[in-house]
Amino acid sequence: MAPSHFDRITRRSAIKAAGGAGILALAGCTESSGGNGNGNGGGNGNGNGGSTGNGNGSGSDSLSGDIVITGSSTVFPVTDAMAEMFMEEHPDVNVTVDSTGSGGGFENHFCPGDSVINGASRPIKDEEIENCTGNGVEPVEFRIAGDALTMAVNNEADWVDCMTFDEMSQIWREDGAETWAEVNSDWPDEPFELFGPASTSGTYDWFNENVIGEDINHTAQHEPTEEDNLIVQGINDNQYGMGYFGYAYYSSNSDQVKAIEVEAEEGDGCSPPSLENAKDGSYPMARPLFIYANEEATQREEVYEFLKFYFENAETDLVSEIGYVPSSADLRDENISTLDDVSGN
């Protein structure tokens, strides 16, 4: 069995983080408190835009305040669903969720102190930690789900069903192959039409480091966007199109594009993207998903209660219905324990 990329993430001592419980373990099936059971929670699986409002709940509730959340378009559908559910229970709390990209969220919103939570589809970078701490923001890491990063092609691309990391690297690297035939002589002698995340995206960073290669630059010859539905649309509209995004966006658009199976190295065997394959580590592009909280902000009652609510519901079917691997009971407990430590509760 191929090792999971979840096992390759190094812990940074510079930030406080939840402990090392395996996020790949699926939680037991439990009901999401306040959820509507459809896994959309206002996110609709497209990761583009945001939810802003004070909910439609009723009844008396002493909890109030504003919570601003930015970050990863991959994590967006989960956070957006959590925000909608939380506001139903606490109508005087206003939770705003904006899809900015992991890096864009850290640089432009979270580290300057303008948002209190940032979603990330890869671990925070050392320079981002320095930026945050320089502004008096101490980021606290929480792993909340798992993803099967998906490479997709046009439905008419019947010449390809599986790719190795090396083949994808040849296509997506700077000064790489320009036609399909340059990578494999059995493929069409036609140029690629590439659609993918912007350089502010954690998905872009993860793919560059783990698939293209740490010492190789990602190509700039692609249509970059933080809106994953535009990647799907670009692939769908171009016979020779290709792009990558989080599994949730593929699962909600599986009729529009074709997912490529992946083998890390030739001879390892091809594995399709799926939640089960991400869970057991057989899918080579499995990765963890995170949210980061401003330590000082966790001492605010509404932020503390939202994060606790998030961790409790990250273990439920809501996450798998959106298209990601849910957290585990152990990780839930470690996240809440870390939250209690940093918030003083």
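Residues numbered from 1 in each chain as written. Predicted model: local features only at pLDDT ≥ 70, side-chain atom pairs only at ≥ 80, totals over all residues. Heavy atoms only, no water.

J.: Looking at this model, I keep getting lost on the pattern of salt bridges. Mind explaining?
T.: Any two side chains of opposite charge can pair if their charged atoms end up close together. A full pass over the atoms with the stated rule returns eight salt bridges. Here D161 ties to K258 by a salt bridge, and the two come within 2.9 Å at their closest N and O atoms. Of the two residues, D161 sits in the loop between β7 (150–153) and β8 (162–164) while K258 sits in strand β12 (residues 258–259), which places them 97 residues apart along the sequence. A salt bridge links E315 to R332; the shortest N-O distance between them is 2.6 Å. (Salt bridge = Lys/Arg side-chain N within 4 Å of Asp/Glu carboxyl O. Helix = DSSP H or I, 4+ residues; strand = E, 2+ residues; numbered from the N terminus.)

J.: How do you make sense of a negative patch on the surface when you look at a structure like this?
T.: A surface patch of like charges, here negative, comprises E174, D175, E178, E182, D189 and E190. Judged by its relative accessible area of 42%, E174 falls in the partly exposed class. (Patch = residues over 30% accessible without salt bridge, like charges linked within 9 Å, V, L, I, M, F, W, Y side chains within 5 Å. Areas by Shrake-Rupley, 256 points an atom, 1.4 Å probe, with all protein chains shown as cover. Lys, Arg positive; Asp, Glu negative; His and termini not counted. Charge placed at Lys NZ, Arg CZ, Asp CG, Glu CD. Buried < 20%, exposed > 50% of the residue type's maximum accessible area, 1.4 Å probe, protein only.)

J.: What is the right way to look at the sheet that holds strand β9 (residues 193–197) in this model?
T.: By way of backbone hydrogen bonds, the strands of a sheet pair with one another, either parallel or antiparallel. Reading across the sheet, the five strands line up as β10-β9-β11-β7-β12 and stay open at both edges, with mixed pairing between neighbours. Either end of the sheet is taken by a strand with one partner, and the two such strands are β10 (223–225) and β12. Two elements, β7 and strand β11 (residues 241–245), share four bridges in a ladder whose sense is antiparallel. Among the inter-strand pairings, M151 is bridged to a residue of β11, identified as Y244. Each of β7, β9 and β11 touches helix α6 (residues 202–213); the most contacted strand, β11, lies at about 105° to it. Of the strands in this sheet, β7, β9, β10 and β11 touch helix α7 (residues 228–237), which is tilted by about 155° from β11. (Pairing = 2+ DSSP bridges. Contact = heavy atoms within 4.5 Å. Axes fitted to C-alpha atoms, helices over the stretch in contact; angles between N-to-C directions.)

J.: What is the right way to read helix α4 (residues 165–172) from this model?
T.: At 3.6 residues per turn, the α-helix brings residues three or four places apart onto the same side. By the criterion of burial, α4 is predominantly enclosed, with six of the eight residues buried. When we look at burial in α4, the residues that qualify are F165, E167, M168, S169, I171 and W172.

J.: I'm lost on the confidence of the model for the protein in this one. Help?
T.: Predicted coordinates in regions of low pLDDT should not be interpreted in detail. In this model, the protein carries an average pLDDT of 86, and 83% of its residues clear a pLDDT of 70 or more. When the criterion is pLDDT under 50, residues 1–59 qualifies, and its contacts beyond four places in sequence or with other chains add up to 166 contacts. (pLDDT = per-residue confidence, 0-100.)

J.: Any chance you could explain the state of the cysteines here in plain terms?
T.: Between two cysteines, a covalent bond joining their sulfur atoms is known as a disulfide. Tallying each qualifying case throughout the model produces two disulfides. Disulfide pairing is shown between C111 and C132; the S-S distance is 2.1 Å. Measuring handedness by torsion sign, the sulfur bridge of C111 and C132 sits at about -65° and is left-handed. Residue C111 is located in the loop between α2 (102–110) and β5 (117–120), and its partner C132 is located in helix α3 (residues 126–134); the two are separated by 21 residues in the primary sequence. Looking at C111, the relative accessible area reads 0%, which means it is buried. The residue that forms a disulfide with C162 is C270, at a sulfur-sulfur distance of 2.1 Å. Looking down the S-S bond of the C162 and C270 bridge, the torsion is -100°, so its handedness is left-handed. One end of the pair, C162, is in strand β8; the other, C270, is in the loop between β13 (261–263) and α9 (275–280), and 108 residues separate them in sequence. C270 sits in the partly exposed class, given a relative accessible area of 38%. The cystine pairing of the protein, numbering bonded cysteines in sequence order, is 1-2, 3-4. (Disulfide = S-S within 2.5 Å.)

J.: It is not clear to me how the nonpolar core should be interpreted in this structure. Could you clarify?
T.: If you look at the biggest cluster of nonpolar residues, it comprises 84 residues, and the most contacted ones within it are V95, F207, M285, F306 and Y310. The element best represented in this core is helix α1 (residues 76–89), accounting for eight residues. The next biggest cluster of nonpolar side chains, apart from the first, holds 10 residues, and it includes I124, C132, V137 and F290. (Core = buried A, V, L, I, M, F, W, Y, C linked by side-chain atoms within 4.5 Å.)

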